[in-house]
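# Architecture at a glance
One letter stands for each residue in the lines below.
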Amino acid sequence: MYRTPRLFLFAAPLAAVPGRAVAAGMPQLNFHDPLLIGQVVWGAVIFGGFYLALSRFALPRVERVLTNRRTRIQNDLDVARKAKAEADRASAELLSVRHEAAEQARAHVERIQSEARANAEAHAAETAKRLETEIANAETRITQSREQALSSLSEIATSTTQDLVSRLIGTQDEQTVASAVKRVSA
């Protein structure tokens, strides 16, 4: 509040300028006017005061704000560049590890396939060998059964013939039937 009345004290003489000075054209270019020098002096004083106020108080604050902002932006950019470099490095490492894992998985799958193929071939060979043994045993049993059946064929034929003859004729002659069966089977 102390500065406001002083400002009015300085503005009051300017307001009292006679109307003829203003009406003469461009009064600011009228160098014969005694008020012009006062205006120039006061303009210089006001300009100097603004200059000092701005250079001592306002502009250093603005400069600090701009410097802080510039520093913060630069630091943020540096952090972002470092983060990008780390992300690129991590991405490259991830791709490398992924490629290695894919190669290992491919090798593992090939190894498992070859083991499975070998196991299947071994199992097939074992099964084939077992089946051959079973087939050989079955053929042996079939041969024995056939020989047994062929050896008992004459007995069966003799007994069947005797039954038929006894039913047809009513008599049983075992010797005649046995000799007839031997002649026919020979």
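Residues numbered from 1 in each chain as written. Predicted model: local features only at pLDDT ≥ 70, side-chain atom pairs only at ≥ 80, totals over all residues. Heavy atoms only, no water.

### Considerations on the overall build of the protein chain
- Looking only at helices and strands, one finds four helices and zero strands in the protein chain.
- Reading the helices (α) and strands (β) of the protein chain from amino to carboxyl end gives α-α-α-α.
- Counting over 186 residues, the protein chain shows a buried share of 4%.
- Surface exposure of the protein chain reaches about 16,500 Å², of which carbon and sulfur atoms provide 62%. (Helix = DSSP H or I, 4+ residues; strand = E, 2+ residues; numbered from the N terminus. Buried < 20%, exposed > 50% of the residue type's maximum accessible area, 1.4 Å probe, protein only. Areas by Shrake-Rupley, 256 points an atom, 1.4 Å probe, with all protein chains shown as cover.)

### Remarks on a nonpolar patch on the surface
- Taken together, the side chains of Ile37, Val41, Trp42, Val45, Ile46, Phe50, Leu54, Leu59, Val62 and Leu66 make up a nonpolar region of the molecular surface, amounting to roughly 940 Å² of accessible area.
- As for its placement among the helices and strands, Val41 is situated in helix 3 (residues 34–168).
- Residue Val41 is classed as partly exposed on the basis of its relative accessible area of 44%. (Patch = residues over 30% accessible without salt bridge, like charges linked within 9 Å, V, L, I, M, F, W, Y side chains within 5 Å. Salt bridge = Lys/Arg side-chain N within 4 Å of Asp/Glu carboxyl O.)

### Things to note about the pattern of salt bridges
- Counted under the stated rule, the structure contains five salt bridges.
- Residues Arg106 and Glu103 are paired through a salt bridge, measuring 2.7 Å at the closest nitrogen-oxygen approach. Residue Arg106 and its partner Glu103 are both found in helix 3; the two are separated by three residues, about one turn of the helix.
- By relative accessible area, Glu103 is classed as partly exposed at 39%.

### A few points about the packing of helix 3 against helix 4 (residues 174–185)
- Running from N to C, helix 3 and helix 4 point in directions that differ by 130 degrees, and their axes come no closer than 9 Å. On the basis of the axis angle, helix 3 is oblique to helix 4. Read as a crossing pair, helix 3 and helix 4 show a hand that is right-handed. Facing Ser154, Ala157, Thr158, Thr161, Gln162 and Val165 of helix 3, the residues of helix 4 in contact are Glu174, Val177, Ala178 and Val181.
- Residue composition of the contact of helix 3 with helix 4, by class: five nonpolar, four polar and one charged. (Axes fitted to C-alpha atoms, helices over the stretch in contact; angles between N-to-C directions. Parallel < 35°, antiparallel > 145°, perpendicular 65-115°, else oblique. Left-handed = near helix turned anticlockwise from the far one by under 90°. Contact = heavy atoms within 4.5 Å. Nonpolar A, V, L, I, M, F, W, Y, C, P; charged D, E, K, R; others polar.)

### Thoughts on helix 3
- Bending of helix 3 peaks at approximately 45 degrees at the position of Leu54.
- Inspection of helix 3 places Leu36, Thr158 and Gln162 among the buried residues, and these make up the whole buried set.
- The secondary structure elements touched by the buried residues of helix 3 are helix 4.
- Within two residues after helix 3, Gly170 carries a phi angle of roughly 100 degrees, on the positive side. (Bend = angle between axes of the 7 residues up to and from the residue.)

### Section: the confidence of the model for the protein chain
- Confidence in the prediction of the protein chain, expressed as mean pLDDT, is 83, and 85% of residues score 70 or more.
- Mean pLDDT across the elements of the protein chain bottoms out in helix 2 (residues 19–23) (49) and peaks in helix 3 (91). (pLDDT = per-residue confidence, 0-100.)

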